[in-house]
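One letter stands for each residue in the lines below.
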Amino acid sequence: MTKIDHPTALNECASVNAALGSGAQIVLIRKGGLADQSFGVQAQRFYLFPTNYHNAGGAEPTQGRITHWAEAVKTWQISDATMLPRLQALTILDSATIETRYRFRPDQAINVIAVRAYRLASPADVVMKCDYSGCRRWVSINEEIEIDGSVAALSDRDLDAQIHAIEMLLEEPVPAWN
């Protein structure tokens, strides 16, 4: 049985996890949650733990289903607000959500993390514990979740092409005229 060492999961919106899992999106745009002092990539490989916390009016679910895991492959930090419109092209998040994430803890840069997402061969149902819930990004989970047989959302070539496009988008100046 192959599993992720020191099983760590990232609490992320279920819709973002679905986009990562389908290959429609390859980046996470993050700062810490209310319970986090700051945000950083705590593990190179991690499970994508779906949360609907903010969508469900604060109601805590009793269980979560983990269907994907991810591997961080490249990171950028954005501290310039003029870059925010560029981020919207990278994600299913709307501009208001990106703006909210950027404005939260204005002393901290926003993290853009390119990931290679994998669909688990068998989804894992995880009983929610107090440690998994609330507004925190990273959680350590006790469950052993098999990753053998996982399928990558994108081929190496497609992922590399998207990372290159993101590098150009985030690092190259965009002219103010057409």
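Each value, and the rule that gives it
Per chain, residues are indexed from 1 in the order of the written sequence. For a predicted model such as this one, the threshold for reporting local features is a pLDDT of at least 70, and the threshold for listing and counting side-chain atom pairs is 80 or more; totals across whole chains, interfaces and linings nevertheless cover every residue. Working from all heavy atoms in the structure, the side-chain values ignore hydrogens and water. We define a nonpolar core as any set of buried Ala, Val, Leu, Ile, Met, Phe, Trp, Tyr and Cys residues linked to one another through side-chain atoms lying within 4.5 Å. Remark: exposure states derive from per-residue accessible area (1.4 Å probe, protein chains only) relative to the maximum for the residue type, with buried under 20%, exposed over 50%, and partly exposed in between. In this description a helix means any DSSP run of H or I spanning at least four residues, a strand means any run of E spanning at least two, and both kinds are numbered starting from the N terminus. By definition in these notes, contact holds between two residues if any of their heavy atoms fall within 4.5 Å. By convention in these notes, a salt bridge is any Lys or Arg side-chain nitrogen within 4 Å of a carboxyl oxygen on Asp or Glu. pLDDT runs from 0 to 100 and stands for how confident the predictor is about each residue. Paired strands are those between which DSSP finds at least two bridges.

> Please clarify how the nonpolar core should be interpreted in this entry.
A general tendency of soluble globular proteins is for nonpolar side chains to be buried together. Counting residues in each nonpolar core, the largest one holds 33 residues, and the members touching the most others are I26, V27, L28, F46, L87, V112 and L170. With 6 residues, strand β5 (residues 110–127) is the single largest residue contributor to this core. Apart from the residues lying within four places of it in its own chain, the contact partners of V112 are V27, L28, K74, T75, W76, I78, L87, L90 and L170. A9, Y47, L120 and M128 belong to the second-largest nonpolar core, a separate cluster that totals 15 residues.

> Please explain the pattern of salt bridges as it appears in this structure.
Between side chains of opposite charge, a pair can form as their charged atoms come close. Going through the model one piece at a time under the given rule, you end up with 3 salt bridges. Residues K74 and E167 are paired through a salt bridge, measuring 3.1 Å at the closest nitrogen-oxygen approach. Of this pair, K74 sits in strand β4 (residues 63–78) while E167 sits in helix α4 (residues 156–171); the two residues are 93 residues apart in sequence, bridging distant segments of the chain. Accessibility expressed as a relative area gives 31% for K74, which makes it partly exposed. Across the salt bridge formed by R116 and D156, the nearest N and O atoms sit 3.0 Å from each other. Taken together, the residues R116 in strand β5 and D156 in helix α4 connect sequence positions 40 residues apart.

> Could you clarify how one ought to interpret the confidence of the model for the protein chain in this entry?
When pLDDT is low, close inspection of the predicted coordinates is not appropriate. Of all residues in the protein chain, 80% have pLDDT values of 70 or greater, and the mean over the chain is 81. Of all secondary-structure elements in the protein chain, the lowest mean pLDDT belongs to strand β6 (residues 138–140), at 77, while strand β7 (residues 151–152) reaches the highest, 97.

> Teacher, can you tell me more about the pairing of strand β1 (residues 8–13) here?
By the criterion of burial, β1 is predominantly enclosed, with 6 of the 6 residues buried. Both β1 and β6 contribute to a ladder of 3 bridges, which runs antiparallel. Bridging from a neighbouring strand, T8 pairs with S140 of β6. When β1 meets strand β3 (residues 45–51), the two strands line up parallel, connected through 5 bridges. In the sheet register, E12 faces β3, and the bridge partner there is P50.

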